[in-house]
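The residues making up each chain are set out below.
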Amino acid sequence: GVSVDESLGEASAAREEKLVQSLLIGYDALESGDFETAEMRFLTAMQDDPGHEGAILAWIRTNLRMGNADAAQRALVSIHYDGTRETAALRGYCFAGYSDFKKAIPYFNKAIEGGLETKGLLTGLAYCHFQIGQNYEAIEIVDRIREMTGDTSAADLLLARLYVRIWQRRINGKPIYKFDTELLVNLIEGCEDSPMKSFAEGGV
């Protein structure tokens, strides 16, 4: 016969498979702009595995794309804060999701200090600093991201925006912060569809 452990293992595997399917269909729907289907699938995943970070984040993201900013607030209420780095990260994302950047920062920091130093979290933290005008704090974080391997295009774009902002705030024609003009040009060149590019070319 099948042992209790084996049948439990099979049930767990089936549950995991169902969760993965919900997330995959949800991500496909999100990519194709079918936000209603995406939202439903991510909600199903959240119900199947309460506290699943990917499902909660994807659900928040979908709602924000639908213009439903209070979803981040609702998600925040549903996330029981147990002091772990994962829930700190989720709370950071939620606060950032409805533009309470000052409240998001300490949660992002707590998650990162706890060892969850992902590109996504660092970018979120840098973006919050950028939004509240803390340009140099944002640049420091962006520099950390750009030293990491893999795609850093989001960080590159943010750095270009920071550089342009600082450049616009020159005092007596001199930048108030020493930075690499050549790097700015390279960043703008590297961001193909970047609003910075049209800005640099005298557009917007």
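Not measured: the values here are computed from a predicted model.

(A) Seen up close, the pattern of salt bridges. Scanning all chains against the criterion turns up 5 salt bridges. Residues R85 and E86 are paired through a salt bridge, measuring 3.2 Å at the closest nitrogen-oxygen approach. Taking relative accessible area as the criterion, E86 reaches 31% and is therefore assigned partly exposed. Here D100 ties to K103 by a salt bridge, and the two come within 3.8 Å at their closest N and O atoms.

(B) Structural context of the side chain of S22. You can see S22 is positioned in helix α1 (residues 4-31). Residue S22 is classed as buried on the basis of its relative accessible area, which comes to 2%. In contact with S22, not counting residues within four places along its chain, are R41, T44 and A45.

(C) Summary view of the packing of aromatic side chains. For the structure on display, the rule yields 5 aromatic pairs. Considering the side-chain rings of F95 and Y107, the 5.7 Å spacing of their centres and the 20 degrees angle between planes classify their relative orientation as stacked. Here the residue F95 occupies a position in helix α5 (residues 85-97), and Y107 occupies one in helix α6 (residues 101-113), the gap between them amounting to 12 residues. As far as the burial class goes, F95 and Y107 line up, both buried. Site record: aromatic cluster; members linked through ring pairs are F101, Y127 and F130.

(D) Broad picture of the environment of A69. Of note, A69 is situated in the loop between α3 (53-65) and α4 (70-78). For A69, a relative accessible area of 35% puts it in the partly exposed group. Expressed as a C-alpha distance, the spacing of A69 and G97, which sit 28 residues apart in the sequence, is 6.8 Å. Contact partners of A69, with chain neighbours within four places excluded, come to L64 and Y98.

Rules and cut-offs
- Residues numbered from 1 in each chain as written.
- Predicted model: local features only at pLDDT ≥ 70, side-chain atom pairs only at ≥ 80, totals over all residues.
- Heavy atoms only, no water.
- Salt bridge = Lys/Arg side-chain N within 4 Å of Asp/Glu carboxyl O.
- Buried < 20%, exposed > 50% of the residue type's maximum accessible area, 1.4 Å probe, protein only.
- Helix = DSSP H or I, 4+ residues; strand = E, 2+ residues; numbered from the N terminus.
- Contact = heavy atoms within 4.5 Å.
- Phe/Tyr/Trp six-rings, centres within 6.5 Å; stacked < 30°, edge-to-face > 60°.

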